[in-house]
Amino acid sequence: TGLPFIKIKEALLQNENNPEKAKTWLLEMAEQQNWSKAQKLSSRATAQGLVGIFSGSDFVSMVSVQCETDFVSKNSKFVDLVHQSSLALQTSKINGILSPENGLSSLYNHQKVSDLVLAAVGSLGENIQPKSFYIHKLQSGNQTYASYVHRRSNNEHDDFILGAIGNFRIVDHCRMCANET
């Protein structure tokens with residue numbers, strides 16, 4: 001759950017040492033607490049953050065998530081949030097720019113992106129705002145993409161690039177060029 005041991009112990013005591021009930025109770029409590037924390041922090045400016053570009057076999061997605069400080073933008077939990085948010089877009093039916101509502105309601109491992117953001121706000125203690133969501137579903141065999149990020153950040157995911165500013169372009173393959181060798 002990522003919660004402190006003392007909270008886990010409290011949850012077990014509250015739920016007669018039943019681990020499943022305790023986990024459910026813990027997650028409900030964390031959601032309530034993170035929601036109130038997120039509301040308190042929401043007025044703070046978010047001038048830092050990351051752009052993440054994820055490439056799947058048949059799509060490419062890009063998200064921009066902002067936070068208050070560059071210290072948090074380099075935190076592995078924040079990097080994971082950006083990665084998970086870009087992965088979640090693959091379930092979207094939309095091809096192009098997603099509204100914040102559609103982006104935040106996308107699912108990653110049965111969790112909405114909005115819930116992942118709340119958990120990150122709770123654990124990192126800063127205002128975190130996903131700013132933009134974009135996905136392009138590639139036409140099989142006819143398209144590829146090229147991407148670039150400025151001030152590239154290190155991360156542990158091979159199919160994911162991070163940076164301060166990002167861009168990608170879709171390239172349509174030319175039939176005439178494909179026949180030439």
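Residues numbered from 1 in each chain as written. Predicted model: local features only at pLDDT ≥ 70, side-chain atom pairs only at ≥ 80, totals over all residues. Heavy atoms only, no water.

Q: How would you explain the overall build of the protein if you had to name every residue and give the values?
A: Helices and strands together make up the secondary structure of the protein, namely seven helices and nine strands. Among the 181 residues that make up the protein, the fraction classed as buried is 36%. Taking contacts inside the protein between residues at least 6 apart in sequence as the whole, the part at least 24 apart equals 60%. Element-wise, carbon and sulfur atoms account for 50% of the exposed surface of the protein, whose accessible area totals about 11300 Å². (Helix = DSSP H or I, 4+ residues; strand = E, 2+ residues; numbered from the N terminus. Buried < 20%, exposed > 50% of the residue type's maximum accessible area, 1.4 Å probe, protein only. Contact = heavy atoms within 4.5 Å. Areas by Shrake-Rupley, 256 points an atom, 1.4 Å probe, with all protein chains shown as cover.)

Q: How would you sum up the environment of Thr 46? Please name residues and give values.
A: Mapped onto the secondary structure, Thr 46 falls in the loop between helix H2 (19-41) and strand E1 (48-55). Taking the relative accessible area as the measure of exposure, Thr 46 reaches 15% and is therefore buried. With 81 residues separating them in the primary sequence, Thr 46 and Asn 127 have C-alpha atoms 6.8 Å apart. Apart from the residues lying within four places of it in its own chain, the contact partners of Thr 46 are Gln 66, Cys 67, Glu 68, Asn 127, Gln 129 and Lys 131.

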